[in-house]
Amino acid sequence: NCNEEFSCQNQAIYDQSTITCQASEACHDAYLSNPDDKILSSIGCYGEESCDGAKLTSNKGFVSCLAEASCDGATINARNARCGALDACQNTEQLIVEAQLECSGSAACKGTSVTNKKSTSCAANRACFDADIEASEDVICDGHFSCSQATLTVGQNVECNGKGSCHKSTISASDRIYVNGHYGAAFADIKGGLIRGLGYHSLAHSMIDSLNIKEMTVQAFGHLSGYGSTMICRSGTKCELE
């Protein structure tokens, strides 16, 4: 364990089932790796800037970044990861997750490049602001402006639940895009099979495009949800507007 300031800075720690970085900058620029055969292994970054710039690998376990800027600028490869504090994983060079990624602190995954084979949750104010997220399953944007100005490329579903949660974002989803929040996907570029706007001005001034989609349904159910939006129905696509 790295419990003192700078105690494991620039060090390489391999094949330990549990690695903890408790103090400020304790594991700055370190290389930390859990063994591949330990399912319950973990790397915990609990001090301010404790793992900033580090390379963190837990292919069968969990990486937790739970203090301010604890994994700022890090490279993370994990089965599961949690970025649960202010700026916890912002501007990470690479964040690759096999299962679940939780960005639950303000600006926790801001400006981060994410590759996720399952689902990503952006559950705080600007949690995934300006991020580039590729997810094989779902992306859920719950916080205020949580995925604003992000690029979301998703294999299944996107939910924009918070106020302005997908504002000015670029969204492509194979299945459904649900925009429940006020101003949720205003001024966004949107492509999906089913696009449903339930919030007030949820799709306002958005650009909705059927490029490379066989069938596209747009449901503008919220008050003024489609105000000023543009829907492009391309040749070869069956389009419905409800």
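Scroll up to find the structure.
Parameters and conventions
Residues numbered from 1 in each chain as written. Predicted model: local features only at pLDDT ≥ 70, side-chain atom pairs only at ≥ 80, totals over all residues. Heavy atoms only, no water. Core = buried A, V, L, I, M, F, W, Y, C linked by side-chain atoms within 4.5 Å. Buried < 20%, exposed > 50% of the residue type's maximum accessible area, 1.4 Å probe, protein only. Contact = heavy atoms within 4.5 Å. Phe/Tyr/Trp six-rings, centres within 6.5 Å; stacked < 30°, edge-to-face > 60°. Helix = DSSP H or I, 4+ residues; strand = E, 2+ residues; numbered from the N terminus. Lys NZ or Arg CZ within 6 Å of the ring centre and 35° of its normal.

What about the nonpolar core?
Grouped together as the largest cluster of nonpolar side chains are 62 residues, with contacts concentrated most on Leu32, Leu56, Ile76 and Leu152. Not counting residues up to four positions away in its chain, the partners in contact with Leu32 are Ile13, Ile19, Cys21, Cys27, Ile43, Cys51, Lys55, Leu56 and Thr57.

What about the packing of aromatic side chains?
In this structure the tally under the stated criterion is two aromatic pairs. With a centroid separation of 5.3 Å and 40° between ring planes, the pair formed by Tyr14 and Tyr31 is classed as tilted. One end of the pair, Tyr14, is in the loop between β1 (12–13) and β2 (18–21); the other, Tyr31, is in strand β3 (residues 31–33), with 17 residues separating them in the sequence. A residue is classified by how much of its surface remains accessible, and Tyr31, at 30% relative accessible area, is partly exposed. Pairing Tyr183 with Phe187 gives two aromatic rings, centres 6.4 Å apart and planes at 70°, and the pair type is edge-to-face. Assessed through its relative accessible area of 39%, Phe187 is described here as partly exposed. Seen from the ring of Phe145, Arg126 lies directly overhead, with NZ or CZ sitting 5.1 Å from the centre.

Remarks on unusual backbone geometry
For Ala69, which is not glycine, the phi dihedral falls at a positive 55°. Mapped onto the elements of the fold, Ala69 is located in the loop between β5 (55–65) and β6 (75–83). Relative accessible area serves as the criterion here: at 8%, Ala69 is assigned to the buried category. Although it is not a glycine, Arg126 adopts a positive phi angle of roughly 55°. Tracing the backbone shows Arg126 in the loop between β10 (119–122) and β11 (132–135). Residue classification places Arg126 among the partly exposed residues on the basis of a relative accessible area of 34%.

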